[in-house]
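# Tertiary structure, described
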Number of protein chains: 2
Amino acid sequence: MRTIAIDAMGGEHAPAAIVEAVWQAKAKLPQTKFVLFGQVEQIKACLPGPLDDQVELVQASEIIKDEDEPVKSIRRKKDSSLVRAANYVKAGKADALLSLGNTGALLASGIFIIGRLKGVKRPALMPTLPATSERGSFHIIDVGANAEAKPEYLLQWAELAALYAQTIEHIDQPKVGLLNNGAESDKGDPLHQTAYQLLSASQLNFTGNIEANELLLGKNDIVVSDGFSGNVALKSVEGGTTILMKQIKSALVNSGLKTKIGAAMIKPALVKVLHKFSTARHGGAVLLGVAAPVVKTHGRSDAKPIYYTLLQLDQMLSEQLIQKFEAKLSQTEK
Amino acid sequence: MRTIAIDAMGGEHAPAAIVEAVWQAKAKLPQTKFVLFGQVEQIKACLPGPLDDQVELVQASEIIKDEDEPVKSIRRKKDSSLVRAANYVKAGKADALLSLGNTGALLASGIFIIGRLKGVKRPALMPTLPATSERGSFHIIDVGANAEAKPEYLLQWAELAALYAQTIEHIDQPKVGLLNNGAESDKGDPLHQTAYQLLSASQLNFTGNIEANELLLGKNDIVVSDGFSGNVALKSVEGGTTILMKQIKSALVNSGLKTKIGAAMIKPALVKVLHKFSTARHGGAVLLGVAAPVVKTHGRSDAKPIYYTLLQLDQMLSEQLIQKFEAKLSQTEK
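Residues numbered from 1 in each chain as written. Chains lettered and ligands numbered in written order. Predicted model: local features only at pLDDT ≥ 70, side-chain atom pairs only at ≥ 80, totals over all residues. Heavy atoms only, no water.

The subject of this paragraph is the pattern of salt bridges. Residues and elements named next belong to chain A. Applying the stated criterion across every chain, the model contains 18 salt bridges over all chains. Residue Asp314 pairs with Arg2 through a salt bridge whose shortest N-O separation is 3.0 Å. On the criterion of sequence distance, the pair formed by Asp314 in helix H10 (residues 303-318) and Arg2 in strand E1 (residues 2-7) is long-range, its members being 312 residues apart. Residue Asp314 is classed as buried on the basis of its relative accessible area, which comes to 4%. When its relative accessible area of 27% is taken as the criterion, Arg2 is described as partly exposed. (Salt bridge = Lys/Arg side-chain N within 4 Å of Asp/Glu carboxyl O. Helix = DSSP H or I, 4+ residues; strand = E, 2+ residues; numbered from the N terminus. Buried < 20%, exposed > 50% of the residue type's maximum accessible area, 1.4 Å probe, protein only.)

If you want it as C-alpha cells, here you go:
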C-alpha cells in the first residue's frame, strides 16, 4: 500500500478542505493510505464519514505559520504538523509528503529532514503553469528553492524535470527552454550563457532561450530558470493576471444595469477562460531532487486542487518516479 | 529653442505614425523643434502639412532592424536613422533622442555615442508600468540595459529614478521598493541582500522588498531591480496580461449569440479597464544616466503614445533633468 503524509493544518481552509480532498481521493485510489497530521480533534470535526484503514490521524500540537522563518521553524517546532509528517516520510512510514502551508518550511523539510537524492546538487521547486497551447500547461523549474544558482544546477533541474514529464505526463521528448533576457544564443549574464551551452550539449530536447512574455504560450514542456528570476516570473505572471481579472470583475459589477446584464450573459464564456488560466487543475509544485515526492499546493486552495495534487502524488509513487531519478543520477555519476 | 532628434524609421508604423505624432506635438509645443532622421522621400509622403521651422528632415539611408546585433549595428550602420540622430545629439545640434526601433541599438547609441554622465556607474532603462493605485503607474529600473548588476548600481539607479520622479512627476518623496524573492529584509541572493542594506542606509524613501506579484498594485513610485530579473518581471507582466486579454476577447467573439450580445453590452467597461492597463498613456522607457534624455517607445505604438513620449521628452528638457542629475552626481562624488 502506498502512503501519503499530509500536513492537515496548512492553508487557508485547513483542515476542512484537506479532509474533503482526502475523502474524494481515497474513493478514487483504494490502494492508497492517507495519514493526516495536525490537531486531531479539529480534523475529526471535519470528517464526512467514519475512519477506515485508508485514513490515519496523527496528533501534532504545533503549526508552522506563513510568517515563520522556514529553517528555524522546522528546528524549533518539532511537534508541528509539517515536521511530524516529514519525519514520518524520513522513517519510511510514509512515501510522499503534501503541505499547503509555509513554502519555505516545506522546502526545508524536504531538503533537511527527508534529504536530497544522491548526486543531486540542489533540490528545486517546479510548479505547473497554465498555457494557451494545445497541451494547456508547462513546468517551470526553479521558482525559488534557491536564491543563487550555477549553470550545472540548471542543467540538472532540466534533466530531472524532463524525466518527470516523461514519467508522469508520458511526453516522449519534452521540449526544454531556458528563461533568458533575449532569444539569441549569446544573451544573458555568464550564468545563463553557460547554462545555454550546457543545455545545448546535453541529450535534452533543448529549444533555446525563451523570453518571459512568451511563457504562457506554452511553447516548451519545461522552462528552466535560476530560482531568483523564476520566482519573479512566476509571481509576475500570477500577480499580473490576477490583478487584471479583479479589475475586469470589479468593472463589470460596479457599472450600470446594461453592463451588469451583459456581464451575466458572458459569464459562462469568461468562466471558461478563467478555468483555463487556473492553476488548480494542474496539481501542486513539486520539490524535485529529494528522496520522496514532496508537493506544495497553494494555500488558498479548496478541496479540488488538493484532490488533484493527491492524484499527482499517487502517480509519482505508482510510476516509481524516485527510483527513476536514482537510476538517472547514478548513470550521470559514472 | 529645444530640439528633439527622432529616429523616424523605427517601429511598425514608421514613419507615418511618427510624423503624425510630431504634428500633434508641435502644435502643443510651439517652442520645440523636431528633427526627423530617415528616408526623406518616405517621410515627406506622410507629411500632413507643409514643413515649417519646427520640423527638419535629415536624410539617412540605412535602417537598424530589430534583429540586428545592437553594438555591431551602430558601428557598421553609420548612415542609419538612429546613429545619425544620436550623433546630432552628441554634436549638440539636438538635446534629446527618441526611437521606436531596436532597443539594444538605442541603448548602445545612448551609452556609446551620447555617453554617460560623469559619475554614473551604468546607465539603466526605466519604463513606466500601469498600476491599480490611485496614481495609476510606477517606474521600474533596470529592465535590461544590464544583464549583470552590483548592489551600488541598484542604489544609484534608485537615486536617479527618484530624482526623475521628483522633477518630472513632482512627487515629493518617491517611495522606492526593491524587487526581491520575498518580503523579509534578509531575502534574496547576496546582490539583493547588499542592495537592501545600501537602500536602507540611503536618504531615499525606501519601503523595503517588494515581490513580483504585487508590482501592479503600484505601492511604490519606483521599483529598483537588477536588469535581468527586471527584464523578466516586465515581460512576464506584459506577456501574461496580454495573453489573458487575448483569450478573453477570443472567448467572447467565438461564442454563441448570447455571449456576443453580452460582449457588446460590457464593451465600454472592458475598454476602460484595458485603457487603465495600457502602457501607452505613460510615455516611453527612459535610459537614465546618459548625457541627454534618451527614450524608447514601443515598436507597436501608433501616434498617440509617440505623442505622449514627445511631451515627456520635452518636459525632461524644460525641467532641466540632466542638469539636476549632474548636480546630484557631483554631490555624491564629494
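Read on for the rest.
Take the interface of chain A and chain B next. Size of an interface: often given as the accessible area lost when the parts come together. Each partner contributes residues to the interface: chain A has 49 residues there, and chain B has 49 residues. In this assembly, chain A packs against chain B so that about 4,300 Å² is buried in total across both faces, 76% of it on carbon and sulfur atoms. Taken as a group, Phe228(A), Leu244(A) and Met265(A) account for 16% of the area that chain A buries against chain B, more than any other trio of residues on that side. Counting across the chain A and chain B interface gives 2 salt bridges. Here Glu211(B) makes a salt bridge to Lys235(A), at a shortest N to O gap of 2.4 Å. (Contact = heavy atoms within 4.5 Å. Buried area = accessible area lost by both parts, 1.4 Å probe.)

Another aspect to go through is the relation of the copies chain A and chain B. Note on the chain copies: they are related by a rotation about an axis and a translation along it. Superposition record for chain A on chain B: RMSD 0.1 Å, screw rotation 180 degrees, translation along axis 0.0 Å. Such values leave the two copies arranged in the relation of a two-fold axis. Considering only C-alpha atoms, the residue of chain A closest to the rotation axis is Gly262(A), which sits at 2.0 Å. Taken together, the interface assignments show that 100% of the residues at the interface of chain A recur at the interface of chain B, consistent with an identical surface on both copies. (Least-squares fit on C-alpha atoms with pLDDT ≥ 70 in both.)

Moving on, we get to the sheet that holds strand E1 (residues 2-7) of chain B. All names here are of chain B. Overall, mixed pairing links the 7 strands, which are arranged E3-E2-E1-E4-E12-E11-E5 in an open sheet. What marks the edges here is a single partner per strand, and that holds for strand E3 (55-59) and strand E5 (124-126). Taking the axes of each pair of neighbouring strands and ignoring which way they run, one obtains an average angle of 25 degrees across the sheet. By the bridge criterion, 3 bridges tie E1 to strand E4 (residues 96-99) in an arrangement that is parallel. By the bridge assignment, Ile4 is partnered in E4 with Ala96. Helix-sheet contacts for helix H6 (residues 151-169) involve E5 and strand E11 (285-288), and the interaxial angle to E11 is about 125 degrees. In this fold helix H10 (residues 303-318) packs onto E1, strand E2 (32-38), E4, E11 and strand E12 (294-296), with an angle of close to 140 degrees to the strand it touches most, E1. (Pairing = 2+ DSSP bridges. Axes fitted to C-alpha atoms, helices over the stretch in contact; angles between N-to-C directions.)

Moving on, we come to the packing of helix H4 (residues 81-90) of chain B against helix H5 (residues 103-114) of chain B. Residue and element names in this part refer to chain B. Between H4 and H5, the least distance of the axes is 10 Å, while the angle of their chain directions is 30 degrees. In terms of axis orientation, H4 runs roughly parallel to H5. Between H4 and H5 lies a crossing of right-handed hand. Contacts between H4 and H5 pair Leu82, Val83, Ala86, Asn87, Val89 and Lys90 from the former with Ala105, Leu106, Ser109, Ile113 and Ile114 from the latter. Taken together, the residues of the contact of H4 with H5 break down into 8 nonpolar, 2 polar and 1 charged. (Parallel < 35°, antiparallel > 145°, perpendicular 65-115°, else oblique. Left-handed = near helix turned anticlockwise from the far one by under 90°. Nonpolar A, V, L, I, M, F, W, Y, C, P; charged D, E, K, R; others polar.)

Attention now moves to the domain arrangement of chain A. Residues and elements named next belong to chain A. Structurally, chain A comprises domain 1 (1-120 + 289-320) and domain 2 (121-287). Across the boundary between the two partners, domain 1 contributes 20 residues, which contact 20 residues of domain 2. Summing both partners gives a buried area of about 1,700 Å² for domain 1 against domain 2, and 62% of it is carried by carbon and sulfur. When the buried area of domain 1 at its contact with domain 2 is split by residue, Leu107, Val120 and Gln312 rank highest and sum to 28% of it. The interface formed by domain 1 and domain 2 contains 9 residue pairs in polar contact (both at pLDDT 80 or more). At 6 residues, the largest contribution of residues to the side of domain 1 that touches domain 2 is made by H10. Per-class residue counts for the side of domain 1 that touches domain 2 are 9 nonpolar, 8 polar and 3 charged. (Domains from an automatic or database assignment. Polar contact = N/O pair within 3.5 Å; in protein donor to acceptor, adjacent residues only side chain to side chain.)

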